[in-house]
Amino acid sequence: MRKLYVFPQKHLLLSVPLTLILGFIIGTAIDTSFLQPTILIGTIIMIYATMVGFKVKELTSIKGSKVLGYSLLLNFVIIPVIAFLLGKLLLHNHPVMFAGLALSALLPTSGMTISWTAIQKGNVPAAVKLTVFGLTLGSLLTPWYLLAMVGKYVDVNILETMKTILLVVFVPMLLGHITFKLLLKKYTLEQFQKKIKPNLAPLSNWGMLYVVFVSISMKAPIILSNLQLIALAFVVLVVFYAINYLISTFTAKKFLDRENGIALVNGTVLRNLSIAIGLAATSFGAEAALIVTIAFIVQQQSIAYYGKAANKYWFKPQKTKPAAAVN
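Values in this document were obtained by computation on a predicted structure and should not be read as measured data.

So, on to the layout of surface pockets. If you add up the space inside the largest pocket, you get close to 1200 Å³. At the level of secondary structure, the elements contributing two or more residues to the lining of the largest pocket comprise helix 1 (2–10), helix 2 (12–29), helix 3 (38–51), helix 6 (111–119), helix 7 (124–150), helix 8 (158–183), helix 9 (189–224) and helix 13 (286–312). Take the lining of the largest pocket: its biggest share by element is 9 residues, from helix 9. Across the lining of the largest pocket, the residue classes tally to 20 nonpolar, 13 polar and 9 charged. Its boundaries defined by the atoms lining it, the second largest pocket holds a volume of some 1000 Å³. As for the second largest pocket, its lining consists of 38 residues, and the residues nearest its centre are Gln36, Ile39, Asn272, Ser274 and Ile275. Secondary structure elements with two or more residues in the lining of the second largest pocket: helix 3, helix 6, helix 8, helix 9, helix 12 (273–283) and helix 13. Counting residues per element, the lining of the second largest pocket draws most heavily on helix 12, which supplies 8 residues.

This is the structure:
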């Protein structure tokens, strides 16, 4: 059981694509929409595991304002421009798909931002800040950006977004804080850091894989019924994400330290596709929802590979220096 529990953490590059494939196969065979309410539970578990031991006071610290500033610049200036240019260049014959791309570009961060930052050992408090600010500001600006980019005003429910932030960020944070206080009654802080905290990381991975599985299985019929447009959507999204990774990584390496750099990349490249697909389907139709669905596949697979490459090349974990000998 122990080996099964830690398998996703040790083999992310294998477990993510396997989950995507399994979700697609099952989703084409049976209707998994009845699992949709459980996505929230999976997301809360995913974030909760990273919040046990989290220092809540770090959210009010001015530390991290620099990474927040860069994320706002990328999320609400650079990335929308990239999406607009790609849409005009590659999707001029498919305006509805262009709208779906625009929605994907305009709603930054999700629970995955926090989870992947924790997995890559980045600055989790900064990732939480980026998630809260990104979603709030994105909800306020998206209607006007859409009006400018695709000529249609789409109302975004601000109260619903606030509810999402409360449920996927602050509820797990509260539960994690309570759990941490209870654990400290039985274990010392050192025992918690060495024995308990490492055993919570795989739980976050399982929560993430469950969210991926349910999300992709529910969208499998949409993909299967629009095979002729998948290739175009895939090409556009690969280019879109590749440019985003390059710009975010360059900014992170140039101006930030490792931990904040990881938070910046995850807070700008990862988009809130759950909200985007709902808006795409209700406001624009099937083609818009399709490109957001393909974005989900590209995003999940690319971040798994990116995280592995980043830790090996440009975000190498710092080696702790051995303590000096005492004479």
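So, on to the side chain of Thr249. Residue position: Thr249 is located in helix 10 (residues 227–255). Only 2.7 Å separates the side chain of Thr249 from the side chain of Tyr306, close enough to count as a polar contact. Excluding its chain neighbours within four sequence positions, the residues that come into contact with Thr249 are Val265, Tyr306 and Trp314.

So, on to the packing of aromatic side chains. Counted by the stated rule, this structure contains 8 aromatic pairs. Where Phe84 meets Phe98, the ring centres are 6.2 Å apart and the plane angle is 50°; that geometry is what we call tilted. A residue pair is termed long-range when its members are at least 10 positions apart, and Phe84 in helix 4 (residues 65–90) and Phe98 in helix 5 (residues 95–106) qualify at 14 residues. For Phe84, a relative accessible area of 29% corresponds to the partly exposed category. Look at Phe180 and Phe192: their rings are 4.9 Å apart centre to centre, the planes differ by 65°, and that puts the pair in the edge-to-face class.

Helix 10 packs onto helix 4 with a crossing angle of 150° between their chain directions and a minimal axis gap of 10 Å. Of the possible angle classes, the one that applies to helix 4 and helix 10 is roughly antiparallel. Relative to helix 10, the crossing made by helix 4 is right-handed. Contacts between helix 4 and helix 10 pair Lys66, Tyr70, Leu74, Ile78, Ile79, Ile82, Ala83, Leu86 and Leu90 from the former with Leu232, Val236, Val239, Phe240, Ile243, Asn244, Ile247, Ser248, Thr251 and Phe255 from the latter. Its residues assigned to classes, the contact of helix 4 with helix 10 comprises 15 nonpolar, 3 polar and 1 charged.

This paragraph deals with the nonpolar core. If you look at the biggest cluster of nonpolar residues, it comprises 89 residues, and the most contacted ones within it are Leu101, Met208, Phe240 and Tyr241. A total of 13 residues in this core trace back to one element, the largest contributor, which is helix 13. When near neighbours in sequence (up to four residues on either side) are disregarded, Leu101 contacts Ala83, Leu86, Gly87, Leu91, Val236, Leu237, Phe240 and Ile291. Phe180, Leu183, Phe192 and Ile196 belong to the second largest nonpolar core, which has 7 residues in total.

Moving on, we get to the confidence of the model for the chain. Averaged over all residues, the pLDDT of the chain is 89; the fraction at 70 or higher stands at 96%. In the model of the chain, helix 12 stands out as the element of lowest mean pLDDT, 87, in contrast to helix 11 (residues 258–269), which has the highest, 96. Of the regions scoring below 50 in pLDDT, residues 321–327 engages in 0 contacts with residues more than four places distant in sequence or in other chains.

So, on to the side chain of Arg258. Mapped onto the secondary structure, Arg258 falls in helix 11. Here Gln120 takes part through its backbone oxygen, which lies 3.1 Å from a polar atom of the side chain of Arg258. Ignoring anything within four residues of it in the chain, the contact list for Arg258 reads Gln120, Lys121, Asn311, Phe315, Lys316 and Pro317.

A positive phi is found at Thr109, a non-glycine position, where the angle reads about 65°. Relative to the assigned elements, Thr109 resides in the loop between helix 5 and helix 6. Phi at Lys121 is positive, roughly 60°, even though this residue is not glycine. Inspection of the secondary structure assignment puts Lys121 in the loop between helix 6 and helix 7. Exposure remark for Lys121: the relative accessible area of 60% places this residue in the exposed category.

Turning to helix 7, a few remarks are in order. Along its length, helix 7 reaches its greatest deviation from straightness, about 45°, at Leu141, and the proline Pro143 lies no more than four positions downstream. With a side-chain oxygen positioned 3.1 Å from the backbone nitrogen of Ala126, the residue opening helix 7 is Asn123.

So, how was this worked out
- Residues numbered from 1 in each chain as written.
- Predicted model: local features only at pLDDT ≥ 70, side-chain atom pairs only at ≥ 80, totals over all residues.
- Heavy atoms only, no water.
- 1 Å grid on protein atoms, 1.4 Å probe; cavity = no way out; pocket = protein on both sides within 12 Å on 5 of 7 lines; lining within 4 Å.
- Points joined across faces, edges and corners; volume = space filled by probe spheres on them.
- Helix = DSSP H or I, 4+ residues; strand = E, 2+ residues; numbered from the N terminus.
- Nonpolar A, V, L, I, M, F, W, Y, C, P; charged D, E, K, R; others polar.
- Polar contact = N/O pair within 3.5 Å; in protein donor to acceptor, adjacent residues only side chain to side chain.
- Contact = heavy atoms within 4.5 Å.
- Phe/Tyr/Trp six-rings, centres within 6.5 Å; stacked < 30°, edge-to-face > 60°.
- Buried < 20%, exposed > 50% of the residue type's maximum accessible area, 1.4 Å probe, protein only.
- Axes fitted to C-alpha atoms, helices over the stretch in contact; angles between N-to-C directions.
- Parallel < 35°, antiparallel > 145°, perpendicular 65-115°, else oblique.
- Left-handed = near helix turned anticlockwise from the far one by under 90°.
- Core = buried A, V, L, I, M, F, W, Y, C linked by side-chain atoms within 4.5 Å.
- pLDDT = per-residue confidence, 0-100.
- Bend = angle between axes of the 7 residues up to and from the residue.

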